[in-house]
Amino acid sequence: AYSHLGANQLLELINNLPPGYKVVFNLVVIEGYTHEEVAEMLGIQAGTSRSQLVKARKMLQNQIIQLQKVAV
């Protein structure tokens, strides 16, 4: 699915995430921080960081699926 998306489209989808999800997604996936490091930076629990990342990924997957349906 990602091969059909341009970098700008993917960045737009990431930017449309809720603020907390977007911050955690960027720090873990793009910047490479651990959940423990993110938790310390943001003053949250590591479990909260993990949860927000799972929800962010699910939202992105759903958005990509919707884009594929429109493209077909």
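A brief look at the structure comes next.

Analysis parameters
Residues numbered from 1 in each chain as written. Predicted model: local features only at pLDDT ≥ 70, side-chain atom pairs only at ≥ 80, totals over all residues. Heavy atoms only, no water. Buried < 20%, exposed > 50% of the residue type's maximum accessible area, 1.4 Å probe, protein only. Helix = DSSP H or I, 4+ residues; strand = E, 2+ residues; numbered from the N terminus. Arc of directions from axis to C-beta. Salt bridge = Lys/Arg side-chain N within 4 Å of Asp/Glu carboxyl O.

A look at helix α3 (residues 35–42)
Then, number 1: Inspection of α3 places His 35, Val 38 and Ala 39 among the buried residues, and these make up the whole buried set. Looking down the long axis of α3, one finds its buried residues gathered within 100° of arc, a one-sided arrangement.
Then, number 2: Of the residues trailing α3, Gly 43 is marked for its positive phi of about 70°.

Overview of the environment of Lys 55
Then, number 1: Assignment of secondary structure puts Lys 55 in helix α4 (residues 46–71).
Then, number 2: Classification of Lys 55 by relative accessible area gives partly exposed; the value is 42%.
Then, number 3: Each C-alpha atom, one on Lys 55 and one on Glu 31, is 18 Å from the other, the two residues being 24 residues apart in sequence.

Observations concerning the pattern of salt bridges
Then, number 1: Using the criterion set out here, one finds one salt bridge in the structure.
Then, number 2: A salt bridge links Glu 36 to Arg 50, with the nearest nitrogen and oxygen atoms 2.7 Å apart. Placement of the pair is Glu 36 in helix α3 and Arg 50 in helix α4, with a sequence separation of 14 residues.
Then, number 3: For Glu 36, a relative accessible area of 45% gives the class partly exposed.

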